[in-house]
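Each chain, letter by letter, is given below.
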Amino acid sequence: LKPFWLKVLAEKFGSSRLAVGCTCTSGTRCEWQVGETVARLGLVWAGLPCPGLCSAGARCAAMAGGGQAASAGEKDKSHTILEAIELSDESDDEFAYEELPDEPELVDDDEETLDDINRLLAETKPSDRTQVAPAADGPAKVQQRPQVIDDFFRNFLIKNGMKRSLDTFQTEWYELQQTGKFKDSELEVVPDIYTRNHGLHEEVIMLRNEVEKARQVAQTAKQSWDKFRKERDFHRMHHRRVVQEKNKLIVDLRRLKKHYEQYEPTLTELKHKYEVAMKEKMLMRLERDRFLSKVETLQKQLSQVQADTKDEPMNREEQPGETSRRSKQAPWPSDDRTNPYANSNFEAARVSDLKKSQTFKGHLGAVSRIAFHPKIPVVATACDDHTWKMWSMPEGQLVLSGEGHRDWVSGVAFHPRGSLVATTSGDFTVKVWDVAKERCKHTLTDHNQAVWACAFHDLGDFMVTCSMDQTAKAFDMQSMRCRQTFRGHVDSVNYVTFQPFSNNILTASGDKTVSMWDLRTGLCVQTFYGHANACNQAVFNKKGDTIASCDSDGIVKLWDVRVVSEYLQIDTGQHPANAACFDRSGKVLAIASGDASIKTFNVEERVFVANLEGHDDSVQDVAFEPMGDKYLLSASSDASFAMWT
């Protein structure tokens, strides 16, 4: 097939470009020797035996004489003989040629084309090669195979037209390759910088993606760590709060246990009193029966006397003084009065030196209110055991005990003259007691729910009360009738008092507000907003220009009445602030706290002074001695009141 291939190449590129310079015996050039064009196509024919077909019809010198002429010519041209082959004409005659069948495609076509060459190459491929898998869906991909070293140099020389250098390179290259002087490492492909750069670029992209993923994982881990840290802080804070509550409960349990240990003698005493009361009840029944029999006898005698005197005219005159006294009402107090303490300057009470000197236990329940007599050293206490009592101070001897309410007594107040005492109770009533005669003078039933507190006007003609029915009422002490009702609160009114030497009333309500009212008109003058929970009490200082209000959150607020604004807030802790009281100078404030202590503050310097501890249960009320702040009294839920000197 070699002459056929060379013929095809000669027809496509021309025979003039195929001559290399092989000299035949006739002295002419070989027409079919491979040259530049074959090297350009990548088909290297250098060093192959010459087919021996010259233009003169003579055999090439490389084929004649056992290769002697060729050897001589090569020696002249400094060529190296790789292998000498002797060819004879008899060898061709003895070879048994195999007859090949004619192919229809080759018979029909007169001239062979390059397509036939491609088909022939495809048919003559070795059968042991693996079949190429069918192309996947989508456009086919073309991949360029890298060049080897020798092809790289050939292409370079052909591109630049260096034909003689190409011939010299090919001759020396194949000589060195046949002699085995090249190493395997020297026959590698030409390094493709672009391919290497592309691979490095893809590797960089892959590493960047991995770095980004690692960054995201690190960010997620950081967020998780922050979340766990917050949860840890929350649980730690919750644990501390639980520990505090546990300690508080332990203290409360110990206090309750100690408190309940006192119930046994109390129950024994109550049982004894019950037995005595039952005996007295039986005796009273006997006396009642005896008095009923006497009454029946007297009624019979009276009927007999009336029968004897039925003919006599009865001329009875009505006493005008009694009727006028019943219908007479007290006039409203005037507004032109001045406060005698407005310009006073008293010395502040020394509460830092106060210590509990005495504890008085005379009640069977929690002592809810304490009040000083306006003229003599006597105090009155109101208790949940349905009684109120008067005590002489500082000895603490019982002076008077008032029984008459059917439920707990919530408040007590002295008349400015000191002759009357008013008490409020959970039985919806207000009782006015005559201290001199030791009896109840009048019972007011105008409220329809429990009454919390009461207070007298400084002139003594009016008394105000507050109730759970969301109202406050003003009563005339002469006619004993309700003269004014103050409506406006939307929750229970827990405390009421008068502004010193004025006609204004101050109320503290469960609707978180403190309000001032005009006694004569019944209208709300001002409302103080700011508390976040129910207000338990609100009091004035002696000058009447400052209000202290306390609520169930343990917050005490001080308000300036002149500018109607808050100027100080005191936080007493988690327990409620039940009551507050100014000393005579108005500079020291004592607060009754739910944690069984009394907290004192210097309002002028805005500092905490002392914490007085001594009660076993919540402190309900506190009051300074009005004459000279000599001592401090406190009422507690532990059924006692204490003196601090």
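Read on for a plain summary of the structure.

Cut-offs used in this document
- Residues numbered from 1 in each chain as written.
- Predicted model: local features only at pLDDT ≥ 70, side-chain atom pairs only at ≥ 80, totals over all residues.
- Heavy atoms only, no water.
- Helix = DSSP H or I, 4+ residues; strand = E, 2+ residues; numbered from the N terminus.
- Contact = heavy atoms within 4.5 Å.
- Areas by Shrake-Rupley, 256 points an atom, 1.4 Å probe, with all protein chains shown as cover.
- Patch = residues over 30% accessible without salt bridge, like charges linked within 9 Å, V, L, I, M, F, W, Y side chains within 5 Å.
- Salt bridge = Lys/Arg side-chain N within 4 Å of Asp/Glu carboxyl O.
- Buried < 20%, exposed > 50% of the residue type's maximum accessible area, 1.4 Å probe, protein only.
- Pairing = 2+ DSSP bridges.
- Axes fitted to C-alpha atoms, helices over the stretch in contact; angles between N-to-C directions.
- 1 Å grid on protein atoms, 1.4 Å probe; cavity = no way out; pocket = protein on both sides within 12 Å on 5 of 7 lines; lining within 4 Å.
- Points joined across faces, edges and corners; volume = space filled by probe spheres on them.
- Phe/Tyr/Trp six-rings, centres within 6.5 Å; stacked < 30°, edge-to-face > 60°.
- Lys NZ or Arg CZ within 6 Å of the ring centre and 35° of its normal.
- Arc of directions from axis to C-beta.

Quick look at the overall build of the protein chain
- Of regular secondary structure, the protein chain possesses 11 helices and 28 strands.
- Contacts in the protein chain between residues at least 24 apart in sequence constitute 46% of all its contacts with a sequence separation of at least 6.
- About 41,400 Å² of surface is accessible on the protein chain, with carbon and sulfur atoms providing 52% of the total.

Some details on a nonpolar patch on the surface
- Taken together, the side chains of L253, L256, Y260, Y263, L267, L270 and L364 make up a nonpolar region of the molecular surface, amounting to roughly 680 Å² of accessible area.
- Sorting the residues of the nonpolar patch by element identifies α9 (193-260) and α10 (263-308) as the ones contributing at least two each.
- Secondary-structure assignment places Y263 in helix α10.
- Judged by its relative accessible area of 40%, Y263 falls in the partly exposed class.

Points about the environment of L633
- Residue position: L633 is located in strand β27 (residues 632-636).
- Taking the C-alpha atoms as reference points, L633 and K356, 277 residues apart in sequence, are found 9.5 Å from one another.

With respect to the pairing of strand β17 (residues 524-529)
- By the bridge criterion, five bridges tie strand β16 (residues 513-518) to β17 in an arrangement that is antiparallel. Among the inter-strand pairings, S515 is bridged to a residue of β17, identified as T527.
- In sequence, β16 turns back onto β17 through a hairpin of five residues, with G522 there showing a positive phi of about 75°.

Some details on the sheet that holds strand β15 (residues 504-509)
- Strand order across the open sheet formed by four strands is β14-β15-β16-β17, with antiparallel pairing between neighbours. Each edge of the open sheet is held by one strand with a lone partner, namely β14 (493-498) and β17. Each strand of the sheet is rotated relative to its neighbour by a mean of 20°, with strand direction disregarded.
- With five bridges connecting them, β15 and β16 associate as antiparallel partners. Within the sheet, the bridge partner assigned to A508 lies in β16 and is V514.

Examining the sheet that holds strand β6 (residues 409-414)
- Spatial strand order, β6-β7-β8-β9: four strands in an open sheet with antiparallel pairing. Two strands close off the open sheet at either side, each with one partner strand: β6 and β9 (439-444). In this sheet, adjacent strand axes meet at a mean angle of 25° when their direction is disregarded.
- In this sheet, strand β7 (residues 420-425) lies alongside β6 in antiparallel orientation, the contact comprising five bridges. Among the inter-strand pairings, V409 is bridged to a residue of β7, identified as S425.

Description of the layout of surface pockets
- One number sums up the size of the second largest pocket: a volume of about 1,500 Å³.
- Around the second largest pocket, the lining comprises 46 residues; the ones closest to its centre are F372, T497, F498, K542 and P626.

Side note on the pairing of strand β11 (residues 462-467)
- Burial within β11 is extensive, with six of its six residues counted as buried.
- Strand direction decides the pairing type here: strand β10 (residues 451-456) and β11, joined by five bridges, are antiparallel. Counted as the bridge partner of A453 is C466 from β11.
- Here β10 hands over to β11 after five residues, with G460 in that stretch at a positive phi of 85°.
- Linking β11 to strand β12 (residues 471-476), which pair antiparallel, is a turn of three residues; within it Q470 sits at a positive phi near 70°.

Here's the deal with the packing of aromatic side chains
- Applying the stated criterion to the full structure yields 14 aromatic pairs.
- Seen from their ring centres, W332 and F462 are 4.9 Å apart, and the 5° between their planes marks the pair as stacked. Of this pair, W332 sits in the loop between α11 (320-327) and β1 (356-360) while F462 sits in strand β11, placing them 130 residues apart in sequence.
- You can call W332 partly exposed: its relative accessible area is 29%.
- A network of ring pairs unites the aromatic residues F153, F169 and W173 as a single cluster.
- Lying over the aromatic face of W332, R483 brings its terminal NZ or CZ to 4.5 Å of the ring centre.
- When the ring centre of Y341 is taken as origin, the NZ or CZ atom of K542, which lies over that ring, is 5.1 Å away.

Section: helix α7 (residues 149-159)
- Restricting attention to buried positions, one finds in α7 the residues D150, R154, L157 and I158. End-on, the buried residues of α7 take up no more than an arc of 100°, which puts them together on one face.
- Two residues or fewer past α7, G161 is found with a positive phi of approximately 70°.

Nothing here speaks to function; it is all geometry.
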